[in-house]
Amino acid sequence: MIKLDQISDSVWDYCTPIYEGHISIIKLKNKLVFIDSGREPITAKNVRLEAEKQFKLPAKQLILTHQHWDHVFGNQAFKDCEIISSKATLEDMKSYMTTYWTDENIAKMKEEEPETFADFRIVFPNITFEREYQITDEKITIEIYQGDGHSAGNSYIFIPEEKILITGDLLFSGMTPFFGDPNADIFTWLEVYQNMLDLSPKKIIPGHGEITDKGEILNQINYFERCINWMKKYIENGYLKEELDTRKDFPVLKSMDIEGFDELVKSSIRRTYDVVKEKLDG
Ligand SMILES: [Zn+2]
């Protein structure tokens, strides 16, 4: 049973039981636009079917906020649609075929979760943009901005008429964010938060966690500033990157309730070391 939550006049959302992720739906006059496809093809398919039935409109476009697997593995449910992402997101997805998404890893995933991934295949975006993209109809505008920060090319979506912001993983609501991607940069990310605040969003659909508002952006700005200050002191005191895993006092927020979360946090801390060191070295 798929339950869609109404967020505004034109926006609905499905919150996934695993990872508290989001598949969002924007209802235009003649079509539906989806944002992110989640981690499971079957869930993506069911959300699409439910929305098409409920709104009596066809799905026509899927916008991908970014390339992490839990946002794009449902893509095959939208293979007849325009699938839109930033160019950098597509490039990263392609590079994953030889790193994370190898035949071997995909085979292992199918073996471990056969009901979920039996017919799984990777589906790439078929329309890409650089920096900005827009979809309009008579009533609303869907503005897409490439932000970077969480990963190369990740984007956020804003609907100015209804002041709804859909952030992808540029916002984790009420928990420690993941900033361990090899291209993550919390300095860039802080600039993105400023741009998001300038939009004055009324409601925010985050990448993970509950629907929220700009107060959560302020929380995350404060959190990143604490992370940066911690790391500056750590480096200035002459500690090495290799010693980071032994430290227990790096700032964290609430854990996401998933297996392997500690490893994600560790990779975020190591990545913070790199970006702060680079800043200090000028
Ligand atoms: Zn992500």
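Just above sits the structure.
The following paragraphs examine the structure supplied in this document. The structure displayed is predicted, hence computed values, not measured ones. Sequence order as written defines the numbering, with residues in each chain counted from 1. Where totals are concerned, whole chains, interfaces and linings use all residues; where local detail is concerned, this predicted model gives features only for residues with pLDDT of at least 70, and gives and counts side-chain atom pairs only at 80 or more. Excluding hydrogens and water, the side-chain figures rest on all heavy atoms present in the structure.

1. Notes on the coordination of the zinc ion
Basically, it comes down to this: Note: metal donors comprise N, O and S atoms at 2.8 Å or less from the metal (3.2 Å for Na, K and Ca); water molecules are not included, so apparent gaps in a site are possible. Think of it this way: with four donors and all angles in the 85 to 135 degree range, the site is tetrahedral; with four or six donors, opposite ones beyond 155 degrees and the rest between 65 and 115, it is square planar or octahedral; otherwise it is irregular. A run of DSSP states H or I qualifies as a helix once it reaches four residues; a run of E qualifies as a strand once it reaches two. Both are numbered from the N-terminal end. Any residue under 20% of the maximum accessible area for its type is buried, any over 50% is exposed, and the rest in between are partly exposed; the area is computed with a 1.4 Å probe on protein chains only.
Taken together, H66 (NE2), H68 (ND1), H150 (NE2) and D169 (OD) make up the full set of protein donors to the zinc ion, lying 2.1 to 2.2 Å away. Taken together, the four donor atoms surrounding the zinc ion define angles of 88 to 166 degrees at the centre, an arrangement classified as irregular. Taken in chain order, the donor set of the zinc ion reads H-x1-H-x81-H-x18-D. You can see H66 sitting in the loop between β5 (59-63) and α2 (69-72) and its partner D169 sitting in the loop between β11 (164-166) and α6 (186-198), a full 103 residues away along the chain. When sorted by exposure, H66 lands in the same class as D169, which is buried.

2. Remarks on the packing of α6 against helix α7 (residues 214-236)
Condition: Working convention: axes come from line fits to C-alpha atoms, limited for helices to the stretch in contact. Angles between N-to-C directions cover 0 to 180 degrees. Any angle between 65 and 115 degrees counts as roughly perpendicular, while under 35 counts as roughly parallel, over 145 as roughly antiparallel, and the rest as oblique. Less than a right angle of anticlockwise turn of the near helix away from the far helix marks a crossing as left-handed, whereas a clockwise turn marks it as right-handed. By the convention used here, residues are in contact when the closest approach between their heavy atoms is within 4.5 Å. As a working rule, the residues Ala, Val, Leu, Ile, Met, Phe, Trp, Tyr, Cys and Pro are called nonpolar, Asp, Glu, Lys and Arg charged, and the rest polar, with Gly in that last group.
Contact geometry for α6 and α7: axes closest at 10 Å, N-to-C directions at 155 degrees. Taken together, α6 and α7 sit at an angle that is classed as roughly antiparallel. In the crossing of α6 with α7, the sense of the turn from one axis to the other is left-handed. Here I186, F187, W189, L190, Y193, M196 and L197 of α6 come into contact with α7, specifically with K214, I217, L218, Q220, I221, F224, C227 and I228. In the contact of α6 with α7, the residues fall into 13 nonpolar, one polar and one charged.

3. Some points on the pattern of salt bridges
Note the cut-off: For salt bridges, the criterion is a side-chain nitrogen of Lys or Arg within 4 Å of an Asp or Glu carboxyl oxygen.
What the rule picks out here adds up to 14 salt bridges. For R39, the salt bridge goes to E40, with nearest N and O atoms at 2.8 Å. The shortest N-O distance in the salt bridge between R48 and E52 comes to 3.1 Å. Of this pair, R48 and E52 both sit in helix α1 (residues 41-55), four residues apart, which is roughly one turn of the helix. Via salt bridges that share partners, R39, E40 and E113 belong to a single interconnected network.

4. Digging into the sheet that holds strand β9 (residues 141-146)
Quick reminder of the rule: Strand pairing is assigned whenever DSSP identifies at least 2 bridges connecting the two strands.
Strand order in the open sheet formed by five strands is β8-β9-β10-β11-β12, with mixed pairing between adjacent strands. Strand pairing shows two members of the sheet lacking a second neighbour, β8 (132-136) and β12 (203-205), which therefore form its edges. Ignoring strand direction, the axes of neighbouring strands in this sheet form an average angle of 20 degrees. In this structure, β9 lies alongside strand β10 (residues 155-159), joined through four bridges in antiparallel fashion. Considered in β10, the bridge of Q146 is made with S155.

5. Let's talk about empty space enclosed by the protein
Filter applied, for reference: Every definition here rests on a 1 Å grid over the protein atoms only: cavities are sets of points where a 1.4 Å probe fits but cannot get out, pockets are open sets enclosed by protein on both sides within 12 Å along at least five of seven lines, and lining residues have some atom within 4 Å of a point. Grid points are joined across faces, edges and corners, and a volume is the space filled by probe spheres set on the points.
Enumeration over the complete set of coordinates arrives at one cavity of 30 Å³ or more. Volume-wise, the largest cavity comes out at about 40 Å³. Lining the largest cavity are H22, S24, I35, D36, T65, H71, I166, G168, P206 and G207. Its residues placed into classes, the lining of the largest cavity shows three nonpolar, six polar and one charged.

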